[in-house]
Amino acid sequence: MRIIFYLLVVGVSAGVTFGFAVLIYKLSHKYRLYPKIRARDVHTRPTPRLGGIAMFLGVLAAFAVGSFLPQLDLVYARPGPLLAILGAALLIVLIGVADDIWDLDWLTKLAGQIIAAGLLVWQGVQIASIPLPGLVAVGSPLMSLVITVFLIVLVMNAINFIDGLDGLVAGVALIANSAFFIYCYVIQYGPTEQSNYFNLAQFIAAVLVGACLGFLPLNWHPAKLFMGDAGALLVGLLMAASTVAVTGDINPDRLLGGSDPDDLLGASGLLPAYIPVLLPFAVLTVPLLDFGLAILRRLRAGKSPFSADRKHLHHRLLDMGHSHLHAVLIFYAWTAVASTGTLLFLFFDWWWPVVFTIVGLLVCTILTLAPLSRRKAAESAAQSADPDAAGDAGLASFDGLDAAADEFDPEEEPSDADAEVALDRLHEKEASP
């Protein structure tokens, strides 16, 4: 019956978020509260970006309702962390809204993120130890502060970086936090009888699941409303807060119980004790990968790591030939396989999760690369077809070198400048969908 109270929290968060999202959508169109389309944007019509406000109000309502639930007395007995989470969320939303309206510089946004993370640490939402068997202390309070702030800022930016397609962040966060909630619920109320340490993390996960559920109907392709930086940073902040709460309080030795120390894997072994460390990375696989590639790409080009471009993973999926919806579903699939595969170690012997993860990753890889196979087959068919029937234009559409070569006079030897122009045009054609 305990799950009913969490379903109530999810329902309140979802309902309030949806209601305010509809209201913000109507007001934004009435007063033209939407920015111009940028070069890196995928959408083709001006769309309001203030959905993060609705998500924050949904979160706020869920926190208010939670204070009346006796099952959450242990959480509300320490109001400091809850107030810090809400204060940090408010700060992040204000910064995000300001950025959506006035386009703040990256240094200002980073400073705001660090202050928000510092507020959480100040009220005890921090990593004091790493949940490995025996608990590994992180060292001094200063080191705990630095590690916690770094992780919170990292997750916020990783989530913000993938916010480029309709429904992408809301769906990925919904899958990831559902997995995190299941983990907390199973450990707290399952056979291991883990104590109430998981309440805060579980509560945050439930609230965020509700906010994403309530926002997704207006954000599904074609989106009527974007969450903007305010929503993406809010999602990242709450995901990081729930992760820090669970990894900072759990004692993994209690997960081991009477398990055989020689059995390291599976539901009866030591691996479940590592899940508080593994699961956050599993559910954030795609955002962290995109974030890391973007940082390396921009630093190598001599640009700011926070400068915007159109080379994120979701852009590359579109350029490969995926439709908008297919690209989003592929992101969902990668996230679901990584998070579910990690969770299965709680319930089954090691080989079941391993087989599931390997098969799932292979399927995701095939689905991701499918447009390349179709394009290669179409190119081969065009090249082997009758030239008179296919026509030069048909061949050129599949062969960038031929198209680039047609720009120059064959009787005239090309100069170095001509060669550079040809290469640039070839790259442009290869990068186009």
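Predicted, not measured: the structure shown is a model, and the values here were computed from it.

Draft legend 1. Structural context of the pattern of salt bridges. The final tally for this structure, using the stated rule, is two salt bridges. The partner of Lys 109 in a salt bridge is Asp 99, with the nearest N and O atoms 3.5 Å apart. Of this pair, Lys 109 sits in helix 5 (residues 106-122) while Asp 99 sits in helix 4 (residues 79-102), placing them ten residues apart in sequence. Take Lys 109 and Asp 99: they sit in the same class, and that class is buried. Note that Asp 229 is salt-bridged to Lys 109, the shortest N-O span being 4.0 Å. Within this pair, whereas Asp 229 is found in helix 9 (residues 228-249), its partner Lys 109 is found in helix 5, the two being separated by 120 residues in sequence.

Draft legend 2. Structural detail: a nonpolar patch on the surface. On the surface, a nonpolar cluster with roughly 960 Å² of combined accessible area is contributed by Ile 182, Phe 347, Phe 348, Trp 350, Trp 351, Trp 352, Val 355, Val 359, Val 363 and Leu 367. No other element matches the six residues that helix 15 (residues 351-384) contributes to the nonpolar patch. Along the chain, Val 359 turns up in helix 15. The class of Val 359 is partly exposed, set by a relative accessible area of 46%.

Draft legend 3. Quick look at the nonpolar core. Membership of the largest hydrophobic core comes to 95 residues, with the highest contact counts inside it found for Leu 120, Val 235 and Met 239. The element contributing the most residues to this core is helix 8 (residues 199-219), with 14 residues. When neighbours within four sequence positions are excluded, Met 239 is seen to be in contact with Val 155, Ile 159, Ala 173, Ala 176, Asn 177, Leu 208 and Leu 284. Counting six residues, the second-largest nonpolar core is a separate cluster that includes Ala 158, Phe 161, Phe 291 and Ala 294.

Draft legend 4. Up close: the packing of helix 2 (residues 51-66) against helix 4. One way to put it is that helix 2 packs onto helix 4 with a least axis distance of 10 Å and a crossing angle of 170°. Of the possible angle classes, the one that applies to helix 2 and helix 4 is roughly antiparallel. Residues Gly 52, Ile 53, Phe 56, Val 59, Leu 60 and Phe 63 of helix 2 form the contact with helix 4, whose own contacting residues are Leu 82, Ile 85, Leu 86, Ala 89, Leu 90, Val 93 and Val 97. Of the residues that constitute the contact of helix 2 with helix 4, the class distribution is twelve nonpolar, one polar and no charged.

Draft legend 5. How the structure looks around the environment of Ile 204. Within the secondary structure layout, Ile 204 lies in helix 8. Taking the C-alpha atoms as reference points, Ile 204 and Met 239, separated by 35 residues in sequence, lie 7.9 Å from one another. Not counting residues up to four positions away in its chain, the partners in contact with Ile 204 are Ile 85, Leu 238, Ala 241 and Ser 242.

Draft legend 6. Here's a closer look at unusual backbone geometry. Omega for the peptide link from His 221 to Pro 222 comes to -5°, which places this bond in the cis form. Along the chain, the position of Pro 222 falls in the loop between helix 8 and helix 9. Not every positive phi belongs to a glycine, and Asp 103 is a case in point at roughly 60°. Within the secondary structure, Asp 103 is located in the loop between helix 4 and helix 5.

Draft legend 7. Expanded view of the confidence of the model for the chain. Residue-level pLDDT values for the chain average 79, and 71% of them are 70 or greater. At the low end of the mean pLDDT range in the chain sits helix 17 (residues 400-405), at 42; at the high end sits helix 2, at 96. The model gives residues 190-197 a pLDDT under 50, and that stretch makes 18 contacts with residues more than four places away or in other chains. Low pLDDT, under 50, characterises residues 398-423; the predicted model gives this stretch 13 contacts beyond four residues in sequence or across chains.

Here is what the cut-offs are and how they apply
Residues numbered from 1 in each chain as written. Predicted model: local features only at pLDDT ≥ 70, side-chain atom pairs only at ≥ 80, totals over all residues. Heavy atoms only, no water. Salt bridge = Lys/Arg side-chain N within 4 Å of Asp/Glu carboxyl O. Helix = DSSP H or I, 4+ residues; strand = E, 2+ residues; numbered from the N terminus. Buried < 20%, exposed > 50% of the residue type's maximum accessible area, 1.4 Å probe, protein only. Patch = residues over 30% accessible without salt bridge, like charges linked within 9 Å, V, L, I, M, F, W, Y side chains within 5 Å. Areas by Shrake-Rupley, 256 points an atom, 1.4 Å probe, with all protein chains shown as cover. Core = buried A, V, L, I, M, F, W, Y, C linked by side-chain atoms within 4.5 Å. Contact = heavy atoms within 4.5 Å. Axes fitted to C-alpha atoms, helices over the stretch in contact; angles between N-to-C directions. Parallel < 35°, antiparallel > 145°, perpendicular 65-115°, else oblique. Nonpolar A, V, L, I, M, F, W, Y, C, P; charged D, E, K, R; others polar. pLDDT = per-residue confidence, 0-100.

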